[in-house]
Amino acid sequence: MAAMGGTSPSIVEYFGGEDGYRCGYCKNDSGNFSYGMWAHSLTVQDYQDLIDRGWRRSGKYVYKPIMNRTCCPQYTVRCRVLHFQPSKSHKKVLKKMLRFLTRGETSKINSEGEPMDSHTEDTSCFLLKSQPDTSQSELQPLSTYTEKVESEEEDTKGELTGKTDSGHTESCNEKNNTNLSKPLDPAKVGHTPPKPGKGADLSKPPCRKAKDIRKEQKLQKLLQNQTGNHSLQEEAQIAQKSKPKANQTKSVEDFIFITLPPEAVHQLEVRLVRVSFEDPQFKSSFTQSATLFAKYQIAIHKDTPSECDEEQFTRFLCDSPLEAENPPNGPDCGYGSFHQQYWIDGKIVAVGVIDILPKCISSVYLYYDPDYSSLSLGVYSALREVAFTRQLHEKASDLSYYYMGFYIHSCPKMRYKGQYRPSDLLCPETYVWVPIEQCLPSLEDSKYCRFNRDLKAVDEGNVKELGRVRILHKRTVMPYSVYKRRQKGSSDEESVHQYATLVGQACSERMLLYKN
């Protein structure tokens, strides 16, 4: 069966539950537990569905924390970008960047209080994950088993729906980059009133100082008593015009898409480059980007040069299992893995590694030049990615979330991801999204929590028919029921069932589980 839109199907090798390894958050030597699999290839829809079940990738290694066992439970977190408003601290970072660009001002103290290094501390555990010794020829299906006695194989025809793909892997060109830099139409970004006690009601006018209100009332009264006094009339009119209008809170776009004055000291350019050595922009900037990665890892994470050389950089941040897709109803740049490069005065100072998926932008990693730490590039890049998500939403309406990786409440320095409001956490048992405000009280009491308050609710995507799981064996695609009949020796049904339970019925029927 072909994958949706004519793309190659996802092919994975499941490793099962890992032995405990060192935790990058609490430094426990063996308290971190996860399930893992190697993704030889992944469609963007399959990966979207996987991260909506708590999976996450590091290079081509895809893992899912064992939430009720690991020392620091990691909850998938997403921001609802259509309703996002920057906080006061976010605005400080945006203004700081503007001051640097226009006047060259820099803070003497590093104020990088919210590093947007998506699970940075933990990624070092996966840098050494090696690709399985699987022959590439074994991953090329020659045939699909079609024995009519296996009705489940017939039933799976026509199951796949979703995005189509033009088959091209071109990067976004200068024209696309220009289009993506246009400010977002504020009319397209709606606001919903928060629940009581959850923040300001954005549908109401902003609060005003009592002194300003009294001053305006006095002027209005004087104006009524002395209608012939033109100076008072003019003063009252000026006061009236200076009143803050409802819903005039500045958005991220108001800061990042502002036109710099001609005498600006520095120039910032943000380039979106598809991760592909066939892409001219990616290829030409590879060495500079890899050098910056090494500089960042050595300075910030104390890596040795051999731990962050070009080979490790390629395996970790350039080798992606995601198949590039360019459907007509998707964003102009297409779906897949990208590097969002931040150039200041012709030099790369930061790179945000992102996956653009059907429903979201997923932040993979960020590395930056430590010499520019005072600019809070972690926070700044996160806010740029929020704005970028909203831009892509204009063309692809389903794309309306920004996934920030994992929220780890038990690690205080990782709680900053919950400050990009409104945001949701993924329930680790039923895989439904719950507003973070409802989750925090439970997380204060216990590191591991089920967020879904409906105790009768179950995982609706759980495996229901194990026989329908798709297997790739000896270059033949077949349902597990056929593979099981043909198998000799010990049964692997327990492992296959665990895999199908974790990825869900839909993914298990689309992806190919490789068996040698």
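Residues numbered from 1 in each chain as written. Predicted model: local features only at pLDDT ≥ 70, side-chain atom pairs only at ≥ 80, totals over all residues. Heavy atoms only, no water.

1. A few points about the overall build of the protein
Scanning the protein from terminus to terminus reveals 15 helices and 16 strands. Counting only residues that meet the buried cut, the protein has 53% of its 516 residues in that class. Long-range pairs, those at least 24 residues apart, make up 73% of the contacts in the protein between residues at least 6 apart in sequence. (Helix = DSSP H or I, 4+ residues; strand = E, 2+ residues; numbered from the N terminus. Buried < 20%, exposed > 50% of the residue type's maximum accessible area, 1.4 Å probe, protein only. Contact = heavy atoms within 4.5 Å.)

2. Here's the deal with the environment of T106
Its place among the elements puts T106 in the loop between α2 (88-103) and α3 (120-123). In this structure, the C-alpha to C-alpha distance between T106 and L375, residues 269 residues apart in sequence, is 7.2 Å. Among residues more than four places away in sequence, those in contact with T106 are F100 and S374.

3. A closer look at the side chain of S376
Among the secondary structure elements, S376 is positioned in the loop between β10 (360-368) and α11 (377-395). S376 sits in the buried class, given a relative accessible area of 0%.

4. Some remarks on the pattern of salt bridges
Note that side chains of opposite charge can pair when their charged atoms are close. Using the criterion set out here, one finds 19 salt bridges in the structure. The closest approach of N and O atoms between R390 and E253, which form a salt bridge, is 2.7 Å. Of the two residues, R390 sits in helix α11 while E253 sits in helix α8 (residues 252-256), which places them 137 residues apart along the sequence. Residue R390 is classed as buried on the basis of its relative accessible area of 2%. Between K395 and D332 there is a salt bridge, with the nearest N and O atoms lying 3.2 Å from each other. Taken together, the residues span a long stretch of sequence, with K395 in helix α11 and D332 in the loop between α10 (310-318) and β8 (336-344) at a distance of 63 residues. Several salt bridges share partner residues, and in doing so they unite K295, K347, D369 and D371 into one network. (Salt bridge = Lys/Arg side-chain N within 4 Å of Asp/Glu carboxyl O.)

5. Here we look at the confidence of the model for the protein
Per-residue confidence for the protein averages 83 on the pLDDT scale, and 74% of its residues sit at or above 70. This model gives residues 117-128 a pLDDT under 50, and the stretch forms 47 contacts once residues within four places in sequence are excluded. In this model, residues 147-204 is a region of pLDDT below 50 whose contacts with residues beyond four sequence positions or in other chains number 103 contacts. (pLDDT = per-residue confidence, 0-100.)

6. Focus on the packing of aromatic side chains
Where two aromatic rings form a pair, the distance of their centres and the angle of their planes describe that pair. Using the criterion set out here, one finds 21 aromatic pairs in the structure. Seen in terms of ring centroids, Y14 and Y499 are 5.7 Å apart; in terms of plane orientation they differ by 55°. Their pairing is tilted. In this pair, Y14 is assigned in strand β1 (residues 11-17) and Y499 in helix α14 (residues 493-503), connecting sequence segments 485 residues apart. In this structure Y499 comes out as buried when scored by relative accessible area, which is 1%. Their ring planes at 55° and their centres at 6.3 Å tell us that F293 and F316 sit as a pair that is tilted. Here the residue F293 occupies a position in helix α9 (residues 280-301), and F316 occupies one in helix α10, the gap between them amounting to 23 residues. We classify F293 as buried; its relative accessible area is 1%. (Phe/Tyr/Trp six-rings, centres within 6.5 Å; stacked < 30°, edge-to-face > 60°.)

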